[in-house]
Structures are given as structure tokens and as C-alpha cells.
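Coordinate analysis (summary)
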Amino acid sequence: MSTSALTIASVLLKSRRIVILTGAGMSAESGIATFRFNPDSHWSRFDPMELASPEGWRADHRQVWAWYESRRADVLAATPNAGHLAIASLADVLGERTGGMTQVRVITQNVDNLHERAGSTEVIHLHGSLFAPWCTACHRPGQFSSNAPDRNAIKVEPPRCAHCGGLTRPGVVWFGEAMPKREFRMAEELVDACDAMLVVGTSGMVYPAAELPINAHNMGKFVAEINPEPSVNLENMSLRWPVTAAEGLPLLLGHVREARPN
Ligand code: OAD
């Protein structure tokens, strides 16, 4: 039995608005690479300025497109892990206990679709999506050339826009680009209004996403970190639970399920 899980569960059972911020560690146990701190992570292997910046795109858009297509292939081949499923169930279980009065919302920095495939609805994507390419000329949503992207291609020519013939780019936020305004505003509003926040699988290195738990902490809210390693925002956490997402979140769900109705 984990004391951290019991403490977090008791806070969640008293909360009406819960926000869960997730990062790359959330999808690690689905086999999706994280960005930092281990030899298989993206930024240990590749230069982010080459693959995730407007400059990199201008220098070699075929290389950039191929890399995002290989990441899309990885996500298509992956399945949501027990942590994604537990988050989706938490929303159902806590909502049902209070006749729909408890709201659990997910804000993610991840560009995969594993929360949605696990059953979470209305997920806010702060860094865009691998599945939402757009035209660099007319800014309309774009199409992929294939539903079975090549995982191993080094260079792939991006498709042309069906409306204007412009070049299609990945629908993700790159270094040096602003976060989507609407999504970030919605995330800030959810944090302002929440009673409790869980921060799962993020290093806290990338702003402005990293400021969301700091703001919640400064507003006096309960903020719990679920991560096998400490993030850089440790001092802003009410509680740190050193456990992986796929191990910890199902335990937490179990405690919430066991609790008798209020
Ligand atoms: P990072 O790669 O920076 O951090 C991953 C975090 O997940 C670390 O704190 C790990 O300890 C933790 N972790 C690893 N395995 C885990 C597991 N099984 N369960 C729980 N936690 C685990 O990823 P992010 O913080 O998401 O931006 O990175 C933020 C942004 O930096 C990304 O969205 C991306 C990147 O550059 C863009 O692409 C715009």
C-alpha cells in the first residue's frame, strides 16, 4: 500500500475540479520516446534545432517531415498504457460519484493521441499534434500522403495542400514558436479554477507549460508530482510520488474506487 497514493486519492475525492498535466513520461511505458535524460530520448540522439525549429524546417523540410512521420508511425503502432487508461477511468469514476459534479481535465504537452485513444475527452494539447498537419501557405488543415507512414525514411517530401498547393508542415509547436493561444488560455483557466493538480511524467524544463504547476502552487492548490525522477519544479509540489505513470495511476484509481461515497 502506498501512502502517497492514499493521500492523493483522499484529496481527489474532496476535489470538484482536477487538472492532470502530462508530459512525455506519460507515454514512455507505451514505448514512445521521451525527450531528455536517457540515451534513447529524442534530444540525446538528435539536434532539436535541426528537427524542431522553423530554421530546421527551412534548411531541410524533407528531413523534418520524415522525422515526424517516423514518430507518427511509432504512435500508430503503440497502445495506451495502464496510466492513460486509469486517467480516463478516474474522470468517469469521480464524475459518477458526484452525479457528474467532479470534472477531471487533461492538459498534455504530448503530441500523440494516446489519452484520447484511452477514452479521455477534451484533451488540451499545448504542443500540437502529430495528427494535425497544416498548410504553410493558407494555414488550412493538411492531409497525409499515407495512413501507413514509413518509420525508417530519412527524407520524405511533405504533401502539397489540396486547396492552394502550399507545403504541408507538422502540426506541432517548434522551439521559437508560440504555443497555441486558445489552448494555453484554456489551460490557464482550468488551473486557476482547479482544486487539485497532478503532474505526470514531465521534466518541467519547457515553458510556458512548466509554469502551470508553479502557478497552481502559488495559488495554494494541492499539486502532486507522479514521476520516478524528480522534476526541476520539485519545490512547487505539495507531494512527490516516485512511481511510473503505468504503475502509479492504476493504484490511485484503485484507492478512489474503494472509497465509500461521501
Ligand atoms: P522530458 O523528456 O523533458 O521529461 C520526461 C519526464 O518523464 C522526466 O521527468 C522523466 O523522469 C519522466 N518519466 C520517464 N519515464 C516515466 C514513466 N514511465 N512514468 C512517469 N514519468 C516518467 O519530457 P517533457 O517534460 O514532456 O516539446 O518535455 C517537454 C517538452 O520538451 C516536450 O513537449 C517537447 C520537448 O522539447 C516540444 O516538442 C515543443
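Scroll up to find the structure.
These remarks concern the structure in this document. Position labels on residues start from 1 in each chain and follow its written sequence. Selection of residues for local features in this predicted model requires a pLDDT of at least 70, selection of side-chain atom pairs for listing and counting requires 80 or more, and totals for whole chains, interfaces and linings are taken over all residues. Excluded from the side-chain calculations are hydrogens and water; all other atoms, namely the structure's heavy atoms, are used.

**Overview of the environment of Ser203**
Cut-off, in case you're wondering: A run of H or I in DSSP counts as a helix once it spans at least four residues, and a run of E counts as a strand once it spans at least two, with each numbered from the N terminus. We call two residues contacting when some pair of their heavy atoms lies within 4.5 Å.
Tracing the backbone shows Ser203 in the loop between strand 6 (196-200) and helix 9 (211-218). With 40 residues separating them in the primary sequence, Ser203 and His163 have C-alpha atoms 40 Å apart. In contact with Ser203, other than residues within four places in its own chain, are Arg36, Phe37, Ser231 and Val232.

**Observations concerning the packing of helix 6 (residues 82-97) against helix 10 (residues 245-258)**
Quick note on the threshold: The convention used is that axes are lines fitted to C-alpha atoms, helices contributing only their stretch in contact, and that angles between N-to-C directions extend from 0 to 180 degrees. Reported orientations rely on four angle classes, namely roughly parallel under 35 degrees, roughly antiparallel over 145, roughly perpendicular from 65 to 115, and oblique for the rest. Note on convention: the crossing is left-handed when the near helix lies turned anticlockwise from the far helix by less than a right angle, right-handed when the turn is clockwise. In this classification, the charged set is Asp, Glu, Lys and Arg, the nonpolar set is Ala, Val, Leu, Ile, Met, Phe, Trp, Tyr, Cys and Pro, and all remaining amino acids, among them Gly, are polar.
Here helix 6 crosses helix 10 at 20°, and the two axes come no closer than 8 Å. When the axis of helix 6 is compared with that of helix 10, the two are roughly parallel. Considering the relative orientation of helix 6 and helix 10, their crossing is left-handed. Residues Ala82, Gly83, Ala86, Ile87, Ser89, Leu90, Val93, Leu94 and Arg97 of helix 6 form the contact with helix 10, whose participating residues are Ala245, Ala246, Leu249, Pro250, Leu252, Leu253, Val256 and Arg257. Residues that form the contact of helix 6 with helix 10 fall into these classes: 13 nonpolar, 2 polar and 2 charged.

**Re the side chain of Glu69**
Here is the rule we go by: To sort residues, take the accessible area from a 1.4 Å probe on protein chains only and compare it with the maximum for the residue type: under 20% means buried, over 50% means exposed, and anything in between is partly exposed.
Within the fold, Glu69 resides in helix 5 (residues 61-77). The exposure class of Glu69 is buried, given its relative accessible area of 9%. If sequence neighbours within four positions are ignored, Glu69 has contacts with Phe144, Pro149 and Asp150.

**A few points about the site of the ligand**
Quick reminder of the rule: Here a residue is considered near a molecule or strand provided that any single heavy atom belonging to it is located within 4 Å of it. Nitrogen and oxygen atoms within 3.5 Å of one another constitute a polar contact, given that in protein one can donate a hydrogen and the other can accept it, and given that sequence-neighbouring residues count only through two side-chain atoms. Only the protein chains shown count as cover for residues, and the accessible areas themselves come from Shrake-Rupley with a 1.4 Å probe.
Around the ligand sit 22 residues, and of these Phe35, Arg36, Thr202, Ser203 and Asn227 come closest. Residue Gly25 places a main-chain N or O atom 3.3 Å away from a nitrogen atom belonging to the ligand. In the complex, 92% of the free accessible area of the ligand, which totals 790 Å², lies under the protein chains. Of the residues assigned to the shell around the ligand, the class counts are 9 nonpolar, 10 polar and 3 charged.

**Topic: the state of the cysteines**
Spelled out, the test is: Disulfides are defined in this document as cysteine sulfur pairs within 2.5 Å.
The full count for this structure, using the stated rule, is 0 disulfides. The thiol of Cys135 is unpaired, and the distance to the nearest cysteine sulfur, on Cys164, comes to 3.5 Å. The exposure class of Cys135 is buried, given its relative accessible area of 0%.

**Some remarks on the pairing of strand 1 (residues 17-22)**
In plain terms, the rule: In short, DSSP must find at least two bridges between two strands for them to pair.
The element strand 1 is largely enclosed, with a buried count of 5 among its 6 residues. Relative to strand 6, strand 1 runs parallel, the two being bridged by 5 bridges. In the sheet register, Ile20 faces strand 6, and the bridge partner there is Leu198.

**Some words on helix 8 (residues 181-193)**
What counts here: One less than the residue count of a helix, multiplied by 1.5 Å, gives the span that helix is expected to have. When we speak of the arc, we mean the arc of directions from the helix axis to the C-beta atoms.
Compared with an ideal rise of 1.5 Å per residue, which puts 13 residues at 18 Å, helix 8 spans 18 Å between its outermost C-alpha atoms and is within 8% of the ideal. Among the residues of helix 8, Phe184, Ala187, Leu190 and Val191 are the ones counted as buried. Projected onto a plane normal to the axis of helix 8, the buried residues spread over an arc of 120° and lie on a single side. In this fold, the buried residues of helix 8 make contact with strand 1, strand 2 (103-108), strand 3 (124-125), strand 6 and helix 9.

**A short note on the nonpolar core**
The test is simple: Joining through side-chain atoms within 4.5 Å is the link that ties buried Ala, Val, Leu, Ile, Met, Phe, Trp, Tyr and Cys residues into a set, and such a set is a nonpolar core.
Formed by 31 residues in total, the largest nonpolar core has its most connected members in Ile8, Leu12, Leu198, Ile226, Leu249 and Leu252. If you list the elements that add at least two residues to this core, you get helix 1 (3-14), strand 1, helix 6, strand 2, strand 6, strand 7 (222-226), strand 8 (239-241) and helix 10. By residue number, the principal contributor to this core is helix 1, which donates 6 residues. Those residues in contact with Leu249 that sit more than four places away from it in its chain are Met26, Gly83, Ala86, Ile87, Val200, Ile226 and Thr244. Judged by nonpolar contacts, the second largest core, of 18 residues, contains Ile107, Phe184, Ala187 and Val191.

**So, the environment of Lys221**
Note on placement: Lys221 falls in the loop between helix 9 and strand 7. For Lys221, a relative accessible area of 14% puts it in the buried group. Setting aside residues up to four positions removed in sequence, Lys221 forms contacts with Val191, Asp192, Ala193, Cys194, Asp195, Ala216 and Ser238. Within the structure, the side chain of Lys221 is placed 2.7 Å from the backbone oxygen of Asp192, a separation counted as a polar contact. Of the polar contacts made by the side chain of Lys221, one reaches the backbone oxygen of Cys194; its length is 2.7 Å.

**Notes on a nonpolar patch on the surface**
Applicable threshold: Residues enter patches when their relative accessible area tops 30% and they take part in no salt bridge; the joining distance is 9 Å for like charges and 5 Å for the nonpolar side chains Val, Leu, Ile, Met, Phe, Trp and Tyr. We define a salt bridge as a side-chain nitrogen of Lys or Arg found within 4 Å of a carboxyl oxygen belonging to Asp or Glu.
Taken together, the side chains of Phe37, Met205 and Val232 make up a nonpolar region of the molecular surface, amounting to roughly 330 Å² of accessible area. Position of Val232 among the secondary structure elements: in the loop between strand 7 and strand 8. When its relative accessible area of 46% is taken as the criterion, Val232 is described as partly exposed.

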